[in-house]
Amino acid sequence: MSTEVQQACVELWQVMSTTFNTTVVKKSDSFQMQTVGWFLNTMGILDKERFLQRYTTTIYKSIYIPFEIGQGTDAECWSQMRTCVHEHQHVVQAKREGFPVFAGKYLFDGDQRAKFEAEAKACGQELQYWRYGQLEKPELVCASLADYNLNSAQIAFAARVLSSYQKTIKANGTITKAGKVALSFLKNNHPHLCERRG
Ligand SMILES: [Zn+2]
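What this report covers is the structure whose coordinates are included nearby. Not measured: the values here are computed from a predicted model.

Looking only at helices and strands, the chain features nine helices and three strands. The secondary structure elements of the chain, listed N-terminal to C-terminal, are α-β-α-α-β-β-α-α-α-α-α-α. Computed over its C-alpha atoms, the radius of gyration of the chain comes to 16 Å, within 12% of the 16 Å expected for a compact globule of 198 residues. In terms of principal-axis extent, the alpha carbons of the chain reach across some 50 × 35 × 30 Å. Counting the 198 residues in the chain, one finds 39% classified as buried. In the chain, once contacts between residues fewer than 6 apart in sequence are set aside, the share between residues at least 24 apart is 72%.

If you want it as structure tokens, here you go:
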């Protein structure tokens with residue numbers, strides 16, 4: 001028997017993947033990922049081993065994940081759901097900018113990378129706010145960007161951008177396209193996940 005969070009996790013990945021036409025690949029299955037890991041490592045963006053073990057990565061419409069969808073504790077599955085929406089927002093960004101432009105900006109310009117990540121991190125906040133009515137400290141959420149070869153000024157910039165997104169989220173606006181699709185699915189199919197009081 002799976003819990004509702006585990007079930008919702010599996011369904012959300014299916015819905016998002018269908019809506020945004022993405023393919024989900026297990027990292028351990030993918031020889032290509034070893035090459036990508038080497039590339040990011042060489043670029044100084046992510047440490048290869050950490051990348052392969054911990055990080056979900058999206059390249060164009062392929063999402064490479066280091067976990068089994070819907071497996072693990074409720075907290076882990078909730079985190080997988082947040083990751084799902086985060087990565088699909090990168091797909092939205094790539095479509096909005098055009099993939100070569102997006103990839104160029106993301107890889108070669110730290111300020112741009114900080115901006116893209118702040119926007120994708122807003123997705124996690126949208127889900128979090130819907131479920132718990134609470135937001136996380138932008139500085140804490142953005143701290144992980146140190147692993148993305150961003151300096152402290154760029155991380156602080158990302159936190160400011162995220163903080164401004166949070167103001168809108170608090171006013172009950174969902175900003176991101178991926179967040180809108182995900183929340184509409186969750187509200188309609190798993191309303192009980194919402195634990196907000198009042
Ligand atoms: Zn990201």
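With that out of the way, let us pick up the sheet that holds strand S1 (residues 23–26). In space, the three strands of this open sheet follow the order S1-S3-S2, with mixed pairing throughout. The open sheet has two edge strands, S1 and strand S2 (57–59), and neither has a second partner. With strand direction ignored, the average angle separating the axes of adjacent strands in the sheet is 25°. Inspection of the sheet shows S2 paired to strand S3 (residues 62–65) by three bridges, in the antiparallel sense. Bridging from a neighbouring strand, threonine 58 pairs with isoleucine 63 of S3.

A few words now on the nonpolar core. Soluble globular proteins: nonpolar side chains tend toward being buried together. Core analysis: the largest hydrophobic core is formed by 46 residues, its most contacted members being Cys9, Leu12, Met81, Val85, Ala158, Leu162 and Ala182. Here this core gets nine residues from one element, more than from any other, and that element is helix H6 (residues 110–132). The contact partners of alanine 158, leaving out residues within four places of it in the chain, are Ala114, Glu117, Ala118, Cys142 and Leu145.

Attention now moves to the packing of H6 against helix H9 (residues 177–189). Packed helix pairs are characterised by how far apart their axes lie and by the angle those axes make with each other. Remark: H6 packs on H9, axes separated minimally by 9 Å, with the N-to-C direction vectors making an angle of 25°. The pairing of H6 with H9 is recorded here as roughly parallel in orientation. For the element pair H6 and H9, the recorded crossing hand is right-handed. Along the contact surface, H6 presents Cys123, Glu126, Leu127 and Trp130, while H9 presents Ala178, Gly179, Ala182, Leu183 and Leu186. In the contact of H6 with H9, the residues fall into seven nonpolar, one polar and one charged.

Let us look at unusual backbone geometry. Unusually for a residue other than glycine, asparagine 21 sits at a positive phi of about 55°. Inspection of the secondary structure assignment puts asparagine 21 in the loop between helix H1 (4–19) and S1. Residue class for asparagine 21 comes out exposed when judged on the 9 C-beta atoms lying within 10 Å of it. With a phi angle near 55°, tyrosine 60 is a residue other than glycine that sits in the positive phi range. You can see tyrosine 60 is positioned in the loop between S2 and S3. By the C-beta count within 10 Å, which is 14 here, tyrosine 60 ends up partly exposed.

Where H1 contacts helix H4 (residues 74–97), the axes come no closer than 8 Å and their chain directions differ by 15°. The orientation of H1 with respect to H4, classified from their angle, is roughly parallel. Between H1 and H4 the crossing geometry is left-handed. Residue-level contacts link Val5, Gln6, Ala8, Cys9, Leu12, Trp13 and Met16 of H1 to Asp74, Cys77, Trp78, Gln80, Met81, Cys84, Val85 and His88 of H4.

So, on to H6. Each full turn of the α-helix corresponds to 3.6 residues, which orients residues three or four apart in the same direction. Here H6 is 23 residues long and its end C-alpha atoms lie 32 Å apart, about the 33 Å a rise of 1.5 Å per residue gives. Taking burial as the measure, the 23 residues of H6 include 17 buried ones, the bulk of the element. A positive backbone phi angle near 70° is found at glycine 133, which sits one or two residues after H6.

Both S1 and S3 contribute to a ladder of four bridges, which runs parallel. If you follow valine 25 over to S3, its bridge partner there is tyrosine 64. Hairpin connection of S2 to S3: two residues between the antiparallel strands, including tyrosine 60 at a positive phi of 55°.

To continue, consider the environment of glycine 179. With respect to the helices, strands and loops of the structure, glycine 179 is situated in helix H9. Residues glycine 179 and alanine 120, spaced 59 residues apart in sequence, show a C-alpha to C-alpha distance of 9.3 Å. Excluding its chain neighbours within four sequence positions, the residues that come into contact with glycine 179 are Val85, Cys123, Glu126 and Thr174.

Analysis parameters
Residues numbered from 1 in each chain as written. Predicted model: local features only at pLDDT ≥ 70, side-chain atom pairs only at ≥ 80, totals over all residues. Helix = DSSP H or I, 4+ residues; strand = E, 2+ residues; numbered from the N terminus. Rg over C-alpha atoms; globule rule 2.2 N^0.38 Å. Buried ≥ 20, exposed ≤ 12 C-beta atoms within 10 Å, placed from the backbone. Contact = placed C-beta atoms within 7 Å. Pairing = 2+ DSSP bridges. Axes fitted to C-alpha atoms, helices over the stretch in contact; angles between N-to-C directions. Core = buried A, V, L, I, M, F, W, Y, C linked by C-beta atoms within 7 Å. Parallel < 35°, antiparallel > 145°, perpendicular 65-115°, else oblique. Left-handed = near helix turned anticlockwise from the far one by under 90°. Nonpolar A, V, L, I, M, F, W, Y, C, P; charged D, E, K, R; others polar. Expected span 1.5 Å × (residues − 1).

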